[in-house]
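Take a look at the letters that make up each chain.
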Amino acid sequence: MSATGPVNGGGLRARGLSVGYGGEPVVRDLDLDVPPGGLTMIIGPNGCGKSTLVKALARAVRPVAGEVLLHGRDLASYRGKEAARHVALLPQSPIAPEGISVRGLVRRGRYPHHSLLRQWSPDDDAAVGEALERTGLTGLAEATVTELSGGQRQRAWIAMVLAQRTELLLLDEPTTFLDIAHQYELLELCAELHREGRTVVAVLHDLNQAARFASHLVVMDAGRIVAQGAPGEVLTAELVADVFGLACDIVPDPRAGTPMVVPHARHAAVVPGGAAR
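Computed from a predicted structure; not experimentally measured. (Residues numbered from 1 in each chain as written. Predicted model: local features only at pLDDT ≥ 70, side-chain atom pairs only at ≥ 80, totals over all residues. Heavy atoms only, no water.)

Asks: Looking at this model, I keep getting lost on the packing of aromatic side chains. Mind explaining?
Replies: Geometrically, a pair of aromatic rings is defined through the distance of the ring centres and the angle of the planes. As enumerated under the stated definition, the model contains one aromatic pair in all. Look at Tyr 184 and Phe 213: their rings are 5.9 Å apart centre to centre, the planes differ by 55°, and that puts the pair in the tilted class. Residue Tyr 184 is located in helix H6 (residues 180-195), and its partner Phe 213 is located in helix H7 (residues 207-213); the two are separated by 29 residues in the primary sequence. Positioned over the ring face of Tyr 78 is Arg 73, at 3.9 Å from the centre of the ring. Across the ring face of Trp 120, the terminal group of Arg 107 is positioned such that the distance to the ring centre comes to 3.7 Å. (Phe/Tyr/Trp six-rings, centres within 6.5 Å; stacked < 30°, edge-to-face > 60°. Helix = DSSP H or I, 4+ residues; strand = E, 2+ residues; numbered from the N terminus. Lys NZ or Arg CZ within 6 Å of the ring centre and 35° of its normal.)

Asks: What am I meant to see in the sheet that holds strand E10 (residues 224-229) here?
Replies: Note: strands within a sheet are paired through backbone hydrogen bonds, in either parallel or antiparallel orientation. If you trace the six strands from one edge of the open sheet to the other, you get E6-E7-E8-E3-E9-E10, paired in mixed fashion. Strands with a single pairing partner mark the edges of an open sheet, and in this sheet they are strand E6 (87-90) and E10. This sheet shows a mean twist of 15° between the axes of neighbouring strands, independent of strand direction. The pairing of E6 with strand E7 (residues 168-172) spans four bridges and is parallel. Bridge assignment links Val 87 to a residue of E7, and that residue is Leu 168. Those strands touched by helix H1 (residues 50-57) are strand E3 (39-43), E6, E7, strand E8 (199-203) and strand E9 (216-221), and its axis lies near 140° from that of E3. Contacting E3, E7 and E8, H6 crosses the sheet at an angle of about 135° to E3. (Pairing = 2+ DSSP bridges. Axes fitted to C-alpha atoms, helices over the stretch in contact; angles between N-to-C directions. Contact = heavy atoms within 4.5 Å.)

Asks: Any chance you could explain the nonpolar core here in plain terms?
Replies: Nonpolar side chains in soluble globular proteins tend to end up buried together. Residues Met 41, Val 102, Val 106, Leu 217 and Leu 235 are the most contacted members of the largest nonpolar core, which totals 52 residues. Counting residues per element, this core draws most heavily on helix H5 (residues 150-163), which supplies eight residues. Among all residues touching Leu 235, those that are not within four sequence positions of it are Ile 43, Leu 207, Ala 211, Leu 217, Val 240, Ile 250, Pro 259 and Val 261. Counting 29 residues, the second largest nonpolar core, distinct from the first, contains Val 19, Leu 32, Val 54 and Leu 168. (Core = buried A, V, L, I, M, F, W, Y, C linked by side-chain atoms within 4.5 Å. Buried < 20%, exposed > 50% of the residue type's maximum accessible area, 1.4 Å probe, protein only.)

Asks: Help me understand unusual backbone geometry, please; the structure alone is not making it clear to me.
Replies: For Ser 93, which is not glycine, the phi torsion reads 50° and is therefore positive. Examined against the element boundaries, Ser 93 turns out to sit in the loop between E6 and helix H3 (102-107). At Glu 173, a residue that is not glycine, the phi angle is positive and equals roughly 50°. Secondary-structure assignment places Glu 173 in the loop between E7 and H6.

Asks: Where do I start with the packing of helix H4 (residues 122-134) against H5 in this structure?
Replies: If you want to describe how two helices pack, look at the angle between their axes and the distance between the axes. Two numbers describe how H4 lies on H5: the axes approach to 8 Å, and their chain directions differ by 140°. As summarised for this structure, H4 and H5 are arranged oblique, according to the angle between their axes. In the packing of H4 onto H5, the handedness of the crossing is right-handed. Where H4 approaches H5, its residues Ala 127, Val 128, Ala 131 and Arg 134 are matched on the opposing element by Ala 159, Leu 162 and Ala 163. Counted by class, the contact of H4 with H5 contains six nonpolar, no polar and one charged residues. (Parallel < 35°, antiparallel > 145°, perpendicular 65-115°, else oblique. Left-handed = near helix turned anticlockwise from the far one by under 90°. Nonpolar A, V, L, I, M, F, W, Y, C, P; charged D, E, K, R; others polar.)

Asks: Where do I start with H4 in this structure?
Replies: The end-to-end C-alpha separation of H4 is 18 Å, in line with the 18 Å expected for 13 residues at 1.5 Å each. Against H3 and H5 lie the buried residues of H4. Positioned one or two residues after H4, Gly 136 has a phi angle of 70°, which is positive. (Expected span 1.5 Å × (residues − 1).)

Asks: Honestly, the side chain of His 216 in this entry has me stumped. Any pointers?
Replies: Relative to the helices and strands, His 216 resides in strand E9. Overall, His 216 belongs to the buried group, its relative accessible area being 6%. A polar side-chain atom of His 216 sits 2.7 Å from a polar atom in the side chain of Gln 228. (Polar contact = N/O pair within 3.5 Å; in protein donor to acceptor, adjacent residues only side chain to side chain.)

Asks: What is the right way to read the confidence of the model for the protein chain from this model?
Replies: Residues shown with low pLDDT carry predicted positions that ought not to be read at fine detail. On average, the protein chain scores 90 in pLDDT, and the residues at 70 or more come to 92%. A low-confidence stretch, residues 1-9 (pLDDT under 50), is modelled with 22 contacts involving residues beyond four sequence positions or located in other chains. (pLDDT = per-residue confidence, 0-100.)

Listed below in structure tokens is the structure:
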């Protein structure tokens, strides 16, 4: 599968993108077209540039070279609120203001839609209520964020992003702090948003979760995209070995039929007589 991927005239695109933090670029001369209406999962080893790429796509970090285009226009040329009406970012480990309630945090997702002429409205109430319901937090709306468990807190941040009601959602490791059941609930929510026509991009560490839910899989290594496409075409034993250094078999997921990584044992067991098994 080509590392350049499909080309489209709209949506979110990166061209010649290089991003760093004062030293060598973490992302190097990268091209990417985010499929509009797709559920794109970005995977790769630690330190390969996944989070940096997502931050650049949300203009949370400034490229040292290249550009990010939204609907054919340089994202850097958008005013802050204008960009935030199109693209929402959930970063890793965000920090909530002291004493804020869950509802208060989620209400902040509506800020990009307000101006001197447009203040709080019934549409804002509806967006907040829907976001709380979809993340299972309606009953905790008046609790302070600091009272919540790690998983509940993460869902509150996701609710804030949902309340923003953007066409593009960028989620950096959104399953962090969630137990296994809530991880799958969140990924099902991402799939539901994708079916509704929203464009979702998420960084994940779990290869099997990424392969199960993604409509488009992007594999990064050393600051570059090394493969992308449908999970069934991209996720091979050779790729996992090359990128992650893990010997494995790829078998069909017994429930979803999507590729599933089954690692080899690190050390083969030895039976009497010296034969390995």
